[in-house]
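Commentary on secondary and tertiary structure
Here is what each chain is made of, one letter per residue.
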Amino acid sequence: MQLLKEKKGERMRPSWDEYFMSIAETVKSRSTCHRRQVGAVIVKDKQILTTGYNGAPRGLKHCETVGCIRDELKIPSGQRHDLCRALHAEQNAIIQAAYSGISIKGADLYVTTQPCNLCAKMCINAGIKRIIFKGDYPDQFAIDLLNESEVILEKFDDEK
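Here we summarise the structure given alongside this text. Treat the numbers as computed from the prediction; the structure is a model and nothing was measured. (Residues numbered from 1 in each chain as written. Predicted model: local features only at pLDDT ≥ 70, side-chain atom pairs only at ≥ 80, totals over all residues. Heavy atoms only, no water.)

**With respect to the pattern of salt bridges**
Enumeration over the complete set of coordinates arrives at eight salt bridges. Residue Arg130 is joined to Asp17 by a salt bridge in which the shortest nitrogen-to-oxygen separation is 2.9 Å. Of this pair, Arg130 sits in strand E6 (residues 130-135) while Asp17 sits in helix H1 (residues 16-27), and the two are 113 residues apart along the sequence. Classification of Arg130 by relative accessible area gives buried; the value is 14%. Overlapping salt bridges, with partners in common, bring together Asp17, Asp108, Arg130 and Glu154 in one network. (Salt bridge = Lys/Arg side-chain N within 4 Å of Asp/Glu carboxyl O. Helix = DSSP H or I, 4+ residues; strand = E, 2+ residues; numbered from the N terminus. Buried < 20%, exposed > 50% of the residue type's maximum accessible area, 1.4 Å probe, protein only.)

**Here's the deal with unusual backbone geometry**
In this structure, Asp45 is a non-glycine residue whose phi angle is positive, near 55°. Of note, Asp45 is situated in the loop between strand E3 (39-44) and strand E4 (47-53).

**Overview of the pairing of E4**
Pairing between E3 and E4: six bridges, direction antiparallel. The partner of Ala40 across the bridge, within E4, is Gly52. Hairpin connection of E3 to E4: two residues between the antiparallel strands, including Asp45 at a positive phi of 55°. (Pairing = 2+ DSSP bridges.)

Honestly, it's all geometry; don't read function into it.
Structure below.
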């Protein structure tokens, strides 16, 4: 993603969506998942409320230390989330808000990969109003749930 663009010799600032998605990309660098690194940023009124990346619960060993049971069992992406040691980036961002006593009702979620159905349901109940995602994920049910809800789902276009 190009953050600064040139227009006839002048520097152009990134859009808010570009700015927050670039931060989500940086957040994902903290992920400890072998399969997929995901970053999430929850924003309200152009202010960052929380961030999250996929990784083990607080104080527990990470997948990079103990290995991945889903890899060992050859479980395809998008299936059997219950066997994963890690929480998803969206889950960690929502939990961080609750842990810190921050309301995310009406906020936007920037996430580097489309939410799964578990995260979609959490976003709906947490009051997230808009989800901007970058990469695809094999979970049509999540898209169906979000389309049925009042949450706006937008695929990020970094070619704008």
